[in-house]
Structures are given as structure tokens and as C-alpha cells.
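If you want the building blocks of each chain, they are given just below.
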Amino acid sequence: MKEEIRIFFTSLMFYTRIPSPIKFDYDPDYINKATRYFPLIGWIVGLISFGVYWLSSFLFDTSIAVVFSLIAGVLTTGAFHEDGLADVMDGFGGGWTKTKILEIMKDSRVGAYGAIALVLLFLIKYTSLLSLFTTLENQPPYVIALYFVSYHALGRLTAINIVFTSVYSREDATSKVKPIAKQHGWKEIIGAYFFGITPLFLLGQWHFFIVLLPLFVTYLYSKKYFEKWIDGYSGDCLGAVEQIAECVSLLTFISIWKFM
């Protein structure tokens, strides 16, 4: 149990800006094992975002509350995944070889492709959340909380699947400030799927499992695309897939509600 607690707080420390109550030295083995809790981190980020949305809704209308919920998510993760999306768009938009793509992604500056991608990302998230929660305005708060948890957990599950099925592209570990897991076992796979899919069961209707189909397509296309151009994935690639998968989840939820 002590080891699992340490693994969980390792995951919390590397995937969010939330201070860990436990101090410990960096251990690559725990970084690898922390992937089992990656979707659970989505629960935490989702609940924080929901809390800010719910409290803001008492003072402002839904549109403003949605903006504050997005800000809360960014602050909680330190824009970790958004940064990955921007780097990927710059790298694949401006590079035509593996070396050049990885070189651009390593650059901390944000280029035109990355900036445009971030604008479009938040535009999709904002309009999707606004549309979804307008539809759910008569639902109890816990249902809305489940949607926050679901799209954050599913986004992380989609991204971590690439770790489970592909190889790390970079030959060195100096590309990112935060290290990334490059190994996994059955506990990591079971843990990731348990925490990633459980929110769908809690929503209580089979219709919502439809979201797994477009997410699988997102995972499969991303994996093949990254392997084609850079022979695997990088930490930035995982961040990009996580953000895209969040948008896919939200858009699918909206589509499901349209026909319910």
C-alpha cells in the first residue's frame, strides 16, 4: 500500500502542479508505474474544473463559468498538455524529417502553427462545454461533475494507450523538463483502463460508451502518424493526443445528447 501511495503521488507530482505531501527523490521506476494513475489524475483535474465551474455559476452565467473552469484546468496542470499540442503542431507543421521535427518540438518558443492550434483548441472546448452544459442545465450537479471527470479521464486514457503500444522516439532524455514513462506492465494497463472507463459506467447509460469508438480512431491515427514521421512518440505527442481526445470526447457527448 505504501508503494502504491508513493506511485500515486509521483503521478500527481509530474502531471499536475498540485504539491505532493510526500517528499521523495526521482525514481525512473516510479515514473513508469505512475502511468496506471494517469486517468485518475484526470478525475482530480476534472473535479477541480467542475468545482470552479459550479461556484462561478452562482455569480455569473454559464459562458463565464465555463471560461473559469478552463482556466482552473490549465492552472492545475501547468498547461503541460497544451504545451505538448503547441510543440507538436509547430514540429510537424514546420519539419519534414524526423530530426527537424524533433528539433522544432524541443524549442521552447511557440510558433504560428502552435499558437493557431491553441486558439482553435480552446475555442472548441469553450463552445463544446457551453453547448453541453446548456443541455444539462436541469441535471443535478453530480451529473455535470461526471462529464468533467469523464472527458479529462478519457483524454488521458487515449494518450497513454500510445505508450502501451508504441516506442519512444527520442534517443535521449533531455528533450523535456519532465521525464516520461517508457516502460509498462499489466498493472499499468489495468489501472489506466479502470480509471479511464469507470466514469462512463457512473454516467449510467450505455449510449455514452459510443465515445470509445472515435477515441479509438483518434488513438490509432495518431499512433500511425507519429510512427510514420518520427518512428514513435514523444512526450509532446502524448500531450497533443490528450488534448485532441478531450475535444473528441466533448463533441461526441454533444452528439449523443442530440439523439437522446
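Going by the structure above, here's the rest.
Read on for a plain summary of the structure.

## As for the pattern of salt bridges
Piece 1. For the structure on display, the rule yields nine salt bridges.
Piece 2. Salt-bridge contacts for R36 lead to E188; the nearest nitrogen and oxygen are separated by 2.3 Å. Note that R36 is positioned in the loop between α2 (28–33) and α3 (38–56) and E188 in helix α9 (residues 186–203), a separation of 152 residues in sequence. Note on accessibility: R36 and E188 belong to one class, buried.
Piece 3. Ionic contacts of the salt-bridge type, sharing partners, join the residues K125, R156, E242 and E246 into one network.

## Some remarks on the packing of aromatic side chains
Piece 1. For the structure on display, the rule yields 26 aromatic pairs.
Piece 2. Ring geometry for F8 versus Y37: centroids 5.8 Å apart, planes at 90 degrees, classification edge-to-face. Taken together, the positions of F8 in helix α1 (residues 2–15) and Y37 in the loop between α2 and α3 put the pair 29 residues apart, joining distant regions of the chain. With respect to burial, F8 and Y37 carry one shared label: buried.
Piece 3. Grouping aromatic residues by their ring pairs yields a cluster made of F8, F9, Y37, W43, F194 and F195.
Piece 4. Against the face of Y30 rests K33, its NZ or CZ located 5.9 Å from the ring centre.

## Focus on the packing of helix α8 (residues 141–165) against helix α11 (residues 235–258)
Piece 1. The contact between α8 and α11 brings their axes to 8 Å, and the two run at 135 degrees. On the basis of the axis angle, α8 is oblique to α11. Pair α8 / α11 crosses with right-handed handedness. Only L238, V241, E242, A245, E246, S249, L250, F253 and W257 of α11 make contact with α8, whose side of the interface consists of Y147, S150, Y151, H152, L154, G155, R156, T158, A159, I162 and V163.
Piece 2. Per-class residue counts for the contact of α8 with α11 are twelve nonpolar, five polar and three charged.

## Considerations on a nonpolar patch on the surface
Piece 1. Taken together, the side chains of W54, L55, F58, L59, F60, I64, V67, F68, I71 and L75 make up a nonpolar region of the molecular surface, amounting to roughly 990 Å² of accessible area.
Piece 2. Breaking the nonpolar patch down by element, the ones donating at least two residues are α3 and α4 (62–77).
Piece 3. Locating W54 in the fold gives a position in helix α3.

The rules behind these values
- Just so you know, the residues in each chain are numbered from 1, in the order the chain's sequence is written.
- Only residues with pLDDT of 70 or above have their local features reported here, since the model is predicted, and side-chain atom pairs are shown and tallied only from 80 upward, although totals for entire chains, interfaces and linings are computed over all residues.
- Note: side-chain values were computed over all heavy atoms of the structure, leaving out hydrogens and water.
- When a carboxyl oxygen of Asp or Glu lies within 4 Å of a side-chain nitrogen of Lys or Arg, that pair is called a salt bridge.
- What counts as a helix is a DSSP run of H or I of at least four residues, what counts as a strand is a run of E of at least two, and both are numbered from the N terminus.
- Each residue is placed in one exposure class: buried if its accessible area under a 1.4 Å probe, protein chains only, is under 20% of its type's maximum, exposed if it is over 50%, and partly exposed if it falls in between.
- Note on ring pairs: Phe, Tyr and Trp rings are taken, using the six-membered ring of Trp, and paired if centres are within 6.5 Å. Classes follow the plane angle, with under 30 degrees stacked, over 60 edge-to-face and the rest tilted.
- Ring-over charges, as used throughout, are those where CZ of Arg or NZ of Lys falls within 6 Å of the ring centre and within 35 degrees of the ring normal.
- A fitted line through C-alpha atoms represents every axis, and for helices the fit uses only the stretch in contact; the resulting angles, taken between N-to-C directions, go from 0 to 180 degrees.
- In this scheme, roughly parallel covers angles under 35 degrees and roughly antiparallel covers those over 145, while 65 to 115 is roughly perpendicular and the rest are oblique.
- Note on convention: the crossing is left-handed when the near helix lies turned anticlockwise from the far helix by less than a right angle, right-handed when the turn is clockwise.
- By the convention used here, residues are in contact when the closest approach between their heavy atoms is within 4.5 Å.
- Put simply, Ala, Val, Leu, Ile, Met, Phe, Trp, Tyr, Cys and Pro go in the nonpolar bin, Asp, Glu, Lys and Arg in the charged bin, and everything else, Gly too, in the polar bin.
- Any residue with relative accessible area above 30% and no salt bridge may belong to a patch, with like charges joined within 9 Å and the nonpolar Val, Leu, Ile, Met, Phe, Trp and Tyr side chains within 5 Å.
- For accessible areas, the Shrake-Rupley method is used with a probe of radius 1.4 Å. Any residue's cover is judged against the shown protein chains and nothing else.

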